[in-house]
Amino acid sequence: MTLRPSVKPVKLAEAVALKLEDLIRDGALRPGDRLAPERDLAEKLGVSRPSLREGIRILERSGLLAPTPKGEGARVAAIGATLADPLVNLLRSRPESAFDYLEFRGAVEPMAAAHAAQRAAEPDRIAVARALERIEAAHLAANPSDEADADAALHLAIYEASHNAVLLHVMRALAEMLRDKALYSRDEFFARSGMRETLLRQPREIVAALLARDAEAARLAAQRHIAFTVEALGEIRAAEARLEASLRRLGRAGLAVEEEQPEGLRRRGD
């Protein structure tokens, strides 16, 4: 008789933890999401409530889930927070950090758009199309803040559709920094009339290529969008610098005694 090697069975609670880990990794459960009530979640996963509770405790010990203060169930932890929390003040203090961020996006976003065009499942395609509809509605309402938020939602939908978990979670963490305006205020872009039409046309081009499953067109459209964003941010920063210089000159009034020029100098300056 041949003896089979013994295999340690996976406990049901461990299987629950692994299932929830997969959902977090794939982005189905997002940072900050609160888990469904215990009874509903146990039924959805087809396990007993004690097994579910133990599986949740496993993920709480690992840091993937965090208990809520009022005991209202567990929330998905802020994955990638280490990218945003300790460094945020340092990055905020360095104006060049915004251009470093855009340089990084210029490297990864065209790739994400190309992958999304190739890999997006039907729910991904619906999410991308709806995100674009939100941009168009905010644009029509001339609401720069809503338009900026909708644009961020579109980019996250594209990252999700790329089906690259590392890319998704890294970009989610960086998106939180943008939402807090740690690098630059995105609202400024959508408040400028000269940029608003371009910032509507470019997402339309990206989405059209993605929905057509044209990976190369999606890559190029995303590349053009990032290049335009870099140029636009440069213009905004230059305009801010000119304004600050003007305000400094105006602020000089009353701080120094204006001396009269000698007669000869006045004549030559006339």
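Residues numbered from 1 in each chain as written. Predicted model: local features only at pLDDT ≥ 70, side-chain atom pairs only at ≥ 80, totals over all residues. Heavy atoms only, no water.

(A) A look at the pattern of salt bridges. Throughout the structure, instances matching the rule amount to 12 salt bridges. Note that Glu 147 and Arg 196 form a salt bridge whose closest N and O atoms lie 3.4 Å from each other. With Glu 147 in helix α8 (residues 144-161) and Arg 196 in helix α11 (residues 193-211), this pair connects stretches of sequence that are 49 residues apart. Relative accessible area serves as the criterion here: at 0%, Glu 147 is assigned to the buried category. (Salt bridge = Lys/Arg side-chain N within 4 Å of Asp/Glu carboxyl O. Helix = DSSP H or I, 4+ residues; strand = E, 2+ residues; numbered from the N terminus. Buried < 20%, exposed > 50% of the residue type's maximum accessible area, 1.4 Å probe, protein only.)

(B) Spatial organisation of a nonpolar patch on the surface. The grouping of Leu 243, Leu 247 and Leu 250 at the surface amounts to a nonpolar patch, some 330 Å² of accessible area in total. Secondary-structure assignment places Leu 243 in helix α12 (residues 215-250). (Patch = residues over 30% accessible without salt bridge, like charges linked within 9 Å, V, L, I, M, F, W, Y side chains within 5 Å. Areas by Shrake-Rupley, 256 points an atom, 1.4 Å probe, with all protein chains shown as cover.)

(C) Expanded view of α8. Here α8 contains 18 residues, and its C-alpha end-to-end distance of 26 Å stays within 8% of the 26 Å for a straight helix at 1.5 Å per residue. Buried residues dominate α8, accounting for 13 of its 18 residues. Phi turns positive one or two residues past the end of α8, at His 163, with a value near 55°. (Expected span 1.5 Å × (residues − 1).)

(D) Inspection of the side chain of Asp 151 at higher detail. Residue placement: Asp 151 occurs in helix α8. Here Asp 151 is in contact with Ile 135, Arg 186, Phe 190 and Pro 203, once residues within four sequence places are set aside. (Contact = heavy atoms within 4.5 Å.)

(E) How the structure looks around the nonpolar core. Ranked by size, the top nonpolar core spans 23 residues in total, and within it Val 128, Leu 154, Ile 158 and Leu 210 carry the most contacts. Every element with two or more residues in this core is listed here: α6 (96-119), α7 (122-140), α8, α11 and α12. Leave out the neighbours within four places in its chain, and Leu 210 touches Ala 116, Ala 117, Ala 120, Arg 125, Val 128, Ile 158 and Ala 218. Ranked by size, the runner-up nonpolar core spans 22 residues in total, among them Tyr 101, Leu 168, Phe 228 and Ala 232. (Core = buried A, V, L, I, M, F, W, Y, C linked by side-chain atoms within 4.5 Å.)

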